[in-house]
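So you can see what is in the structure, the chains are spelled out below.
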Amino acid sequence: MGVLDIFKKIKKDDAKTSSDKHYLSGKEVKAIAKANAQEMRRLEKEKTRKKPESEFLSEMKDDNNILEIEGLHSDFFTDQGVVNAVNGVTFNVPLNSTVGVVGESGCGKSVTSMSVMRLLQGPSGQIVEGSIRFKAYDFKRDANGKCIPVYETDENGEIIYDTVLDKKGEPVLDKDGNAVKAPRQKTDDHGLGIFEKEEKVFDIAKMPIDEMYRLRGRQMSMVFQEPMTSLNPVFTIGDQLDEVTLLHVPNATKELAKKRSIEMLNMVGIAMAERVYASYPHELSGGMRQRVMIAMALAGEPRLIIADEPTTALDVTIQAQILELFNDLKRRINGSILLITHDL
């Protein structure tokens, strides 16, 4: 018997006995808890099940959108019943645009954003129905699952090879005494290696949790409400920013990650970026911490940024600066922003 069937039975029993009965008996609570536990186990098992990519690939209904949410239902299972936090939400986020999600406190705005990022706290929080289609530029991979680099070529179309050097700057030799050569990979303006990419549409609601690492942080990122609780107080700002590059950029080095992190701090308008890079979160003001969170969201060059009430804990002047920063960054990164707020 499912949870909804149990509630229907309770309503019938209430109608038969007394119209002023507003409580659940111990037997009914146990029945609800048992049904919820079974449903949670099923959904958790589905989240961790290994699936072929074909099971969570999809198609956009409109190619001009980067995100399409259709009929999304996100529930929280408790011993007293099921909380329908998100009940049939449907909306689209077009490419290179800003979409605002406005609503009163407790209406499900943050749960919607957490559902898109697959960050609902399980096993009680689950996506039970609907689809979340996201258009991504994913790395092409070879037969071994490794990303395929893009190499530099000469005027004849031949790949350019460079001599491999060791840590001392000396040429690496093979067993025959010949210098080892490797193809020269193309790099972007930030010095990051370029890899072959292809466009894919993923249904996030059906993706296994392990596969979400392909999207989270690199294809889409999130700026949370309270930066002080989102930043780790025992690590420096630099350590936390570097982690994004080291995790999501193939073959990234610590030197490259530091350079990238300082560039991101400069991009979001932080003065003395190198000093902030070496600072701890408690040494920064609220506005600076929020700018650090935005820099962290940008470090992986995402195509979609979800900002969940990013100005809640800030004063009016800083709020205007942060919103203007988002508007400027949208143009600079050529991406889309999903802005969640209750303050018009």
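The structure this text deals with has already been given above.
What you are looking at is a predicted structure, and each value in this text was computed from that prediction instead of being measured. (Residues numbered from 1 in each chain as written. Predicted model: local features only at pLDDT ≥ 70, side-chain atom pairs only at ≥ 80, totals over all residues. Heavy atoms only, no water.)

Undergrad: Summarise the packing of aromatic side chains; cite the residues concerned and give the values.
TA: In total, this model carries two aromatic pairs according to the counting rule given. Over the aromatic face of Tyr213 sits the side chain of Arg216, whose NZ or CZ is 5.4 Å from the ring centroid. (Phe/Tyr/Trp six-rings, centres within 6.5 Å; stacked < 30°, edge-to-face > 60°. Lys NZ or Arg CZ within 6 Å of the ring centre and 35° of its normal.)

Undergrad: How would you sum up the sheet that holds strand S10 (residues 336-341)? Please name residues and give values.
TA: Reading across the sheet, the four strands line up as S3-S10-S9-S8 and stay open at both edges, with parallel pairing between neighbours. With one partner strand each, in any of the chains shown, strand S3 (98-102) and strand S8 (220-223) form the two edges of the open sheet. Across the sheet, the axes of successive neighbouring strands diverge by a mean angle of 15°, strand direction being ignored. Here helix H8 (residues 286-298) sits on the sheet in contact with S8 and strand S9 (304-308), set at roughly 175° to S8. (Pairing = 2+ DSSP bridges. Helix = DSSP H or I, 4+ residues; strand = E, 2+ residues; numbered from the N terminus. Axes fitted to C-alpha atoms, helices over the stretch in contact; angles between N-to-C directions. Contact = heavy atoms within 4.5 Å.)

Undergrad: Which residues make up a nonpolar patch on the surface, and what are the values?
TA: Together, Tyr151, Ile159 and Tyr161 make up a nonpolar patch on the protein surface, roughly 280 Å² of accessible area in all. Mapped onto the elements, Ile159 comes out in the loop between strand S4 (125-139) and strand S5 (161-163). Overall, the relative accessible area of 37% leaves Ile159 in the partly exposed class. (Patch = residues over 30% accessible without salt bridge, like charges linked within 9 Å, V, L, I, M, F, W, Y side chains within 5 Å. Areas by Shrake-Rupley, 256 points an atom, 1.4 Å probe, with all protein chains shown as cover. Salt bridge = Lys/Arg side-chain N within 4 Å of Asp/Glu carboxyl O. Buried < 20%, exposed > 50% of the residue type's maximum accessible area, 1.4 Å probe, protein only.)

Undergrad: Explain the sheet that holds strand S7 (residues 197-203) to me, and be specific about the residues and the numbers.
TA: Pairing within the open sheet is antiparallel, and its four strands lie in the order S2-S1-S4-S7. Of all strands in the sheet, those bounded by a partner on one side alone are strand S2 (81-94) and S7. Going across the sheet, the axis of each strand differs from the next one's by a mean of 15°, ignoring polarity.

Undergrad: Would you mind going over the pattern of salt bridges in detail, with residue names and values included?
TA: Oppositely charged side chains can pair when the atoms bearing their charge come close. All told, the structure shown has 19 salt bridges when counted by the stated rule. For the salt bridge of Glu301 with Arg260, the shortest nitrogen-to-oxygen distance reads 3.3 Å. You can see Glu301 sitting in the loop between H8 and S9 and its partner Arg260 sitting in helix H6 (residues 254-267), a full 41 residues away along the chain. Here Glu301 falls in the partly exposed class, since its relative accessible area comes to 43%. A relative accessible area of 2% places Arg260 in the buried class. Via salt bridges that share partners, Glu53, Asp138, Glu198, Lys200, Glu211, Arg214 and Arg218 belong to a single interconnected network.

Note that every value here comes from positions in space, so none of it alone points to a role or purpose.
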